[in-house]
Amino acid sequence: MKIMKVFDKKVGETTYFKYRINLPKKVVEDSKLLDKEIKVRLEKDKIVIEKNL
């Protein structure tokens, strides 16, 4: 699994990018976070995804 940087758009001289992560289908379905608002934070050397309260 890897984080991918993809081109989003260019406005004037500024280029914007988005970052994508492919997650395993089973993990996403089991998490019950599909179509929910989530919060992402950096904790030491980990990216943590959790339900937004």
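Read on for an overview of the structure. Predicted, not measured: the structure shown is a model, and the values here were computed from it. (Residues numbered from 1 in each chain as written. Predicted model: local features only at pLDDT ≥ 70, side-chain atom pairs only at ≥ 80, totals over all residues. Heavy atoms only, no water.)

1. Description of the overall build of the protein
The test is simple: In DSSP terms, a helix is any run of H or I states spanning at least four residues, a strand is any run of E spanning at least two, and both are numbered starting from the N terminus. For a compact globule the rule gives 2.2 Å times the number of residues to the power 0.38, and the radius of gyration it is set against comes from C-alpha atoms. Partly exposed describes any residue whose relative accessible area lies between the buried limit of under 20% and the exposed limit of over 50%, with all areas from a 1.4 Å probe on protein chains only and scaled to the type maximum. Any two residues whose heavy atoms approach within 4.5 Å are treated as being in contact.
Along its length, the protein carries 1 helix and 4 strands. Computed over its C-alpha atoms, the radius of gyration of the protein comes to 14 Å, more than 25% above the 10 Å expected for a compact globule of 53 residues. For the C-alpha atoms alone, the extent of the protein along its principal axes is close to 40 × 25 × 25 Å. By residue count, 2% of the 53 residues in the protein fall in the buried class. Once local pairs closer than 6 in sequence are excluded, the contacts in the protein between residues at least 24 apart make up 2%.

2. Here we look at the packing of aromatic side chains
Quick reminder of the rule: Ring pairs shown here join Phe, Tyr and Trp side chains whose ring centres sit within 6.5 Å, with only the six-membered ring taken for Trp; geometry is labelled stacked below 30 degrees between planes, edge-to-face above 60, and tilted in between. Lysine NZ or arginine CZ positioned within 6 Å of the ring centre and within 35 degrees of the ring normal marks a charge as sitting over the ring.
A full pass over the atoms with the stated rule returns 1 aromatic pair. Here the aromatic rings of phenylalanine 7 and phenylalanine 17 are separated by 6.4 Å at their centres, their planes lie at 80°, and the arrangement is edge-to-face. Of the two residues, phenylalanine 7 sits in strand β1 (residues 3-11) while phenylalanine 17 sits in strand β2 (residues 14-21), which places them 10 residues apart along the sequence. The side chain of lysine 5 reaches across the aromatic face of phenylalanine 17, ending 4.4 Å from its centre. One residue, lysine 9, lies across the ring of tyrosine 16, its end atom 5.8 Å from the ring centre.

3. Looking at the environment of lysine 25
You can see lysine 25 is positioned in helix α1 (residues 25-31). A relative accessible area of 64% means that lysine 25 is categorised as exposed.

4. Some details on the pairing of β2
What counts, and what does not: In this scheme, strands are said to pair when DSSP sees at least two bridges between them.
Sheet analysis places β1 next to β2, joined by 8 bridges and oriented antiparallel. Within β2, the residue paired with lysine 5 across the bridge is tyrosine 19. What sits between β1 and β2 in their antiparallel hairpin is a turn of 2 residues, with glycine 12 showing a positive phi close to 65°.

5. Some words on the environment of proline 24
Along the chain, proline 24 falls in the loop between β2 and α1. Here the alpha-carbon distance between proline 24 and methionine 1, two residues 23 residues apart in the chain, equals 9.0 Å.

Keep in mind these numbers describe shape, not what the thing actually does.
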